[in-house]
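Residue-level structure breakdown
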Amino acid sequence: MQTSISAIPEGALLLQNDIYFNDYSQYRDKGACIVIDNGSHKCRVGWSGEPDPKMVFPNITARPRTKRPELENVVIVGNEIVNMEFMRPHLKSQFERDIVVNYDVQEHVFDYIFSHMGVDGDRVEVPVLLTETLCNPPTSRVTMTELLFERYRIPKVSYGIDCLFSYRYNHQKMPSLVNCRDCFIINSGAHSTHVIPILDGRMDLSHTRRVNLGGVNTLKFMHKFLQLKYTQHRNSITLSKMQEVVENHSYIALDFLEELKSWRDPVRLQQESYVYQLDMVDPAKKEEQEKARRQKLILNIQNKQLKDVEGKISPLYQRLSHLQALREMDEESNALQFSLEREGISSQEELSSVIRDVEKQIDKLREKKTQILDKKEKIENPASAETEEKKYSEEELSLSRARRQELLDRLTERDQLRAELNKRGSLACQQKTKLLNRLANTMDSSTHASVNISDMEMDAQEKKIVDAMDDTASRRDQQEIEDIEHLLKLHDPLYG
């Protein structure tokens, strides 16, 4: 089947818009086939017999960065990728050294091609002509054939080399080449260049050579060269911009030295010179953007640190509650002994030591959490932090310090009393026993209704014992201490 895809020069007819065609049935009825020039840089797709391809797009795919769950499995292909530089870290190609190895990507490309060419239905009803690299491994061709037949159920497929298609096409169209049976083909692609001798109209494969030098090397050279020359614009000189410069404003000189001489002419220099405007950014605005970017990065790090601290402190609180519950149990009960053995604790003294260690760990994590919250507050609300500093006078700070010390003394006294309550035979333990007996005697023997201990008449010492037996007051005082410490760290320069 005669085709003309190979006559299209590199970079011709780049479709900027993502266009869907609806003439599939028309070409199918004519018996045409879909021609796919599957290049490692650009992919060209069209119908056989047509002078120009219908589609030209970058032969790559990407997954958009999004937090929306319905878009997690979406893959964008070719011209659907609007901001190429932004998506560069996420780009994927099916090629490795001009050979297709990633067939998942190739399948996404075929889906993109057939949907845009107007294929309606679950199969492709026209033959496909597909280009491949020179000396393509048989395993690669077999896998590609399986993909086309099993996934798309195409009726026929044929493979060929793009430069040989070009040779056949130009050999018939140009009168000067009709009788020319011997020639050299230099096929320069994106990643490699092939030199193919044609003898008596046939390719001489034994003398064919491949050079690992192509358009990508030119692009990288231009990118590095301009970045070194214009160091102040290093970030603005991107690979995408250099691709535009190389494809639209460069050409191959047939005689390099003569070309250099011709550029000495000021008239030609004026006519052939182009001014390329890079993205201009206001220095003040750029500084603000950089500052905002740094603050966002710091906030992300602080949020992660805060999450880690909260993840560590929550199990410690649970362990502390469990250990404190063990300390409240009767020393001679079997349940206490079993629980201590399971925790690896041999005595009440060791239990108290473990509780103190857990409390120290919690205090350190609370202090770290407070520091992180302070830093976040300064970054998120710098103006409000300055305003808050002016609101607190020295007298108010002094009252806060006194209140903090009062709460600390209360916690210490409560801890000491709690330790005395656990000592068998101590005065506090005896008072606790009497208090519990009084509570039992006040219970209604007929209805067995319980009586709230807070409703009983108690002296000051008994109230302290009840307060020590309940952890709610301690947690409430500890939370108030944390709030006061947070305030003093923000507004008291002498604190800490």
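Chains are numbered independently. Their residues run from 1 in the order of the written sequence. Restriction of local features to residues with pLDDT of at least 70 applies here, the model being predicted, together with a cutoff of 80 or more for giving and counting side-chain atom pairs; totals for whole chains, interfaces and linings are based on all residues. Side-chain measures were taken over the full set of non-hydrogen atoms in the model, leaving aside hydrogen atoms and water.

So, the overall build of the chain
What counts, and what does not: The helix count covers DSSP runs of H or I at least four residues long, the strand count covers runs of E at least two residues long, and both are numbered beginning at the N terminus. Relative accessibility decides the category of a residue: with a 1.4 Å probe and only protein chains considered, values under 20% of the type maximum give buried, values over 50% give exposed, and everything between is partly exposed. In what follows, a contact means two residues having at least one pair of non-hydrogen atoms within 4.5 Å. Areas reported here follow the Shrake-Rupley algorithm with a probe of radius 1.4 Å; residue values treat only the protein chains shown as occluding.
Helix and strand counts for the chain come out as 17 helices and 13 strands. A buried classification covers 33% of the 496 residues belonging to the chain. Considering only contacts within the chain whose residues lie at least 6 apart along the sequence, 62% involve residues at least 24 apart. Accessible surface computed for the chain: about 32,200 Å², of which carbon and sulfur atoms make up 52%.

Section: the packing of helix 14 (residues 394-421) against helix 17 (residues 471-491)
Selection criterion: Between N-to-C directions, angles cover 0 to 180 degrees, with each direction set by a line fitted to C-alpha atoms, over the stretch in contact for helices. Note on angle classes: values under 35 degrees are labelled roughly parallel, values over 145 roughly antiparallel, values of 65 to 115 roughly perpendicular, and the remainder oblique. Two helices that cross are described as forming a left-handed crossing if the nearer one is turned anticlockwise from the farther one by less than a right angle, and a right-handed crossing if clockwise. Three classes are used: nonpolar for Ala, Val, Leu, Ile, Met, Phe, Trp, Tyr, Cys and Pro, charged for Asp, Glu, Lys and Arg, and polar for all others, with Gly counted as polar.
Two elements in contact, helix 14 and helix 17, have axes separated by 10 Å at closest approach and are oriented at 150°. On the basis of the axis angle, helix 14 is roughly antiparallel to helix 17. Helix-helix and strand crossings are classified by hand; for helix 14 and helix 17 the assignment is left-handed. For the pair formed by helix 14 and helix 17, the contact residues are Leu397, Ser400, Arg401, Arg403, Arg404, Leu407, Leu408, Arg410, Leu411, Arg414 and Arg418 on the first element and Asp471, Ala473, Ser474, Asp477, Gln478, Glu480, Ile481, Ile484, Glu485, Leu487, Leu488 and His491 on the second. Partitioned by chemical class, the residues of the contact of helix 14 with helix 17 number nine nonpolar, four polar and ten charged.

Quick notes on the packing of helix 12 (residues 348-380) against helix 17
Remark: helix 12 packs on helix 17, axes separated minimally by 11 Å, with the N-to-C direction vectors making an angle of 45°. Here helix 17 runs oblique to helix 12, going by the angle between their axes. The chirality of how helix 12 crosses helix 17 is right-handed. Contacts from Arg366, Glu367, Thr370, Gln371 and Asp374 in helix 12 reach Gln478, Glu482, His486, Lys489 and Leu490 in helix 17. Grouping the constituent residues of the contact of helix 12 with helix 17 by class yields one nonpolar, four polar and five charged.

Points about the side chain of Thr193
Note the following rule: By the criterion applied in these results, polar contacts are pairs of N or O atoms within 3.5 Å in which, for protein atoms, one can donate a hydrogen and the other can accept it, and in which residues neighboring in sequence qualify only through two side-chain atoms.
Following the sequence through the fold, Thr193 ends up in strand 11 (residues 193-199). Polar side-chain contacts of Thr193 include one of 3.3 Å to the side chain of Ser188.

With respect to the sheet that holds strand 1 (residues 34-38)
As a reminder, the rule being used: Should DSSP find at least two bridges between two strands, the strands are regarded as paired.
Read across the sheet, five strands follow the order 3-2-1-8-9 without closing on themselves; strand pairing throughout is mixed. Looking at the sheet topology across the chains shown, the edges are occupied by strand 3 (55-58) and strand 9 (157-160). Along the sheet, successive strands turn relative to each other by an average axial angle of 15°, direction set aside. Note that strand 2 (residues 42-47) and strand 3 share four bridges and pair antiparallel. Paired with Arg44 across the bridge in strand 3 is Val56.

Notes on the pattern of salt bridges
For clarity, the cut-off: Within this document, salt bridges are pairs made up of a side-chain nitrogen of Lys or Arg and a carboxyl oxygen of Asp or Glu, the two lying within 4 Å of each other.
According to the stated counting rule, one finds 21 salt bridges in the structure shown. We note a salt bridge from Arg366 to Glu482, for which the minimum N-O separation is 2.6 Å. Of the two residues, Arg366 is situated in helix 12 and Glu482 in helix 17; the sequence distance between them amounts to 116 residues. The partner of Glu480 in a salt bridge is Arg403, and the shortest N-O contact between them spans 2.8 Å. One end of the pair, Glu480, is in helix 17; the other, Arg403, is in helix 14, and 77 residues separate them in sequence. In this structure Arg403 comes out as partly exposed when scored by relative accessible area, which is 26%. Linked by salt bridges that have partners in common, Arg403, Glu406, Arg410, Asp477 and Glu480 make up one network.

Focus on the confidence of the model for the chain
The condition that has to hold: The predictor rates its confidence in each residue with pLDDT, a number between 0 and 100.
Averaged over every residue, the pLDDT of the chain is 80; the share at 70 or more is 86%. Here residues 1-16 scores under 50 on pLDDT; set against residues more than four positions off or in separate chains, the count is 41 contacts. Taken together, the stretch residues 445-451 has pLDDT below 50 and engages in six contacts with residues farther than four places along the chain or on a different chain.

Some points on the nonpolar core
Defined as follows: Residue types Ala, Val, Leu, Ile, Met, Phe, Trp, Tyr and Cys, when buried and joined through side-chain atoms within 4.5 Å, form a set referred to as a nonpolar core.
Grouped together as the largest cluster of nonpolar side chains are 33 residues, with contacts concentrated most on Ile36, Val45, Phe57, Phe110, Ile113 and Phe114. Put simply, the parts of the chain that give this core at least two residues each are helix 1 (24-30), strand 1, strand 2, strand 3, helix 3 (103-116), strand 8 (128-131) and helix 4 (138-152). Ranked by the residues each element gives to this core, the list is headed by helix 3, at six residues. Residues in contact with Phe114, not counting those within four places in the same chain, are Ile34, Ile36, Val119, Val124, Val128 and Tyr152. By size, the runner-up hydrophobic cluster in this structure holds 17 residues, among which are Ile313, Leu340, Val354 and Ile362.

Notes on a nonpolar patch on the surface
In plain terms, the rule: Think of a patch as exposed residues, more than 30% relative accessible area, with no salt bridge, where like charges cluster within 9 Å and nonpolar side chains (Val, Leu, Ile, Met, Phe, Trp, Tyr) cluster within 5 Å.
Nonpolar side chains collect at one region of the surface, where Phe256, Leu257 and Leu260 lie side by side and expose about 340 Å² of accessible area between them. Of note, Leu257 is situated in helix 8 (residues 256-262).

Some remarks on unusual backbone geometry
Peptide bonds are mostly trans, and most non-glycine residues show a negative phi. With phi around 60°, Cys135 is a residue other than glycine that occupies positive phi space. Structurally, Cys135 is set in the loop between strand 8 and helix 4. Given a relative accessible area of 56%, Cys135 falls into the exposed group. Despite not being glycine, Asp200 has its phi angle at roughly 55°, a positive value. Mapped onto the elements, Asp200 comes out in the loop between strand 11 and strand 12 (202-203).

Digging into the pairing of strand 11
Across the seven residues of strand 11, five count as buried, placing the element largely inside the fold. Here strand 10 (residues 183-188) pairs with strand 11 via six bridges, running antiparallel. When the bridges of strand 11 are listed, Ser188 appears paired with Thr193. Linking two consecutive strands that pair antiparallel, namely strand 10 and strand 11, is a turn of four residues. In terms of strand pairing, strand 11 meets strand 13 (residues 209-211) through three bridges, oriented antiparallel. Considered in strand 13, the bridge of Val195 is made with Arg209. Two strands pair when backbone bridges link them, and strand 11 and strand 12 are joined in this way by two bridges, in the antiparallel orientation. When the sheet's bridge partners are listed, Leu199 is paired in strand 12 with Arg202.

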